[in-house]
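Residue-level listing of the chains:
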Amino acid sequence: MVRFKNRFLLFHIHYEGTPKRAPPIDTTIHGGHISSVLKESILLNFGDFGAGIAATSTGIKYFSPYSSTGIIRCSRDHYQMVWAALTFVTMLRGRNVLFRVVHVGGTIKSVQQETMKLNTKLLNELETTGVITASQTDLLLEKARKEIEAVDA
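Read on for a plain summary of the structure.

What counts and what doesn't
Residues numbered from 1 in each chain as written. Predicted model: local features only at pLDDT ≥ 70, side-chain atom pairs only at ≥ 80, totals over all residues. Heavy atoms only, no water. Pairing = 2+ DSSP bridges. Helix = DSSP H or I, 4+ residues; strand = E, 2+ residues; numbered from the N terminus. Contact = heavy atoms within 4.5 Å. Axes fitted to C-alpha atoms, helices over the stretch in contact; angles between N-to-C directions. Phe/Tyr/Trp six-rings, centres within 6.5 Å; stacked < 30°, edge-to-face > 60°. Buried < 20%, exposed > 50% of the residue type's maximum accessible area, 1.4 Å probe, protein only.

1. With respect to the sheet that holds strand S3 (residues 69-75)
And step 1. In spatial order, the strands read S2-S3-S1-S5-S4; together these five strands make up an open sheet with antiparallel pairing. Each end of this open sheet is capped by a strand with a single partner; those strands are strand S2 (59-64) and strand S4 (91-92).
And step 2. As paired strands, S2 and S3 are joined by five bridges and run antiparallel to one another. Looking at S3, one finds that Ile60 is bridged to Ile72.
And step 3. Running over the sheet, helix H1 (residues 31-55) touches strand S1 (6-15), S2, S3, S4 and strand S5 (95-105) and is turned about 135 degrees from S2.

This is the structure:
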């Protein structure tokens, strides 16, 4: 039996028109929205063939609306197509956005570690700009740590 080989893409969403130091917190966005725009982008840019090969293996494993970061699991053979389709996404729920892939990993453990580092950095930036308080930062980091550790391949 052959093992299914994955790649995990850690991404960050930048909202156009917002300062780099204080990204907005939009709690109405969740993994389902990102999954649907990603599938639309794959279909638009790679056609039925791309949608067919990516549909079975691609999924959002984690998304935090507070830090605008997430993890996508996809097939190792097609991760570059998923990465390209994610890069081509420019609108998310009526807002101009830019998706940036921060890290690509072959194991969920390496991506979990990078996600925690990125979440810590982004939430600390929100704290220093006064968007959230120190106690909120601690609560959000603890919540994110639990959610990220719960992600399995």
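2. Some words on the packing of aromatic side chains
And step 1. Taken as a whole and judged by the stated rule, the model has two aromatic pairs.
And step 2. Taken together, a centroid distance of 6.3 Å and an interplanar angle of 15 degrees make the contact between Phe11 and Phe63 stacked. Of the two residues, Phe11 sits in strand S1 while Phe63 sits in strand S2, which places them 52 residues apart along the sequence. In this structure, Phe11 and Phe63 share a single accessibility class: buried.
And step 3. Seen in terms of ring centroids, Phe11 and Phe99 are 5.6 Å apart; in terms of plane orientation they differ by 50 degrees. Their pairing is tilted. One end of the pair, Phe11, is in strand S1; the other, Phe99, is in strand S5, with 88 residues separating them in the sequence.

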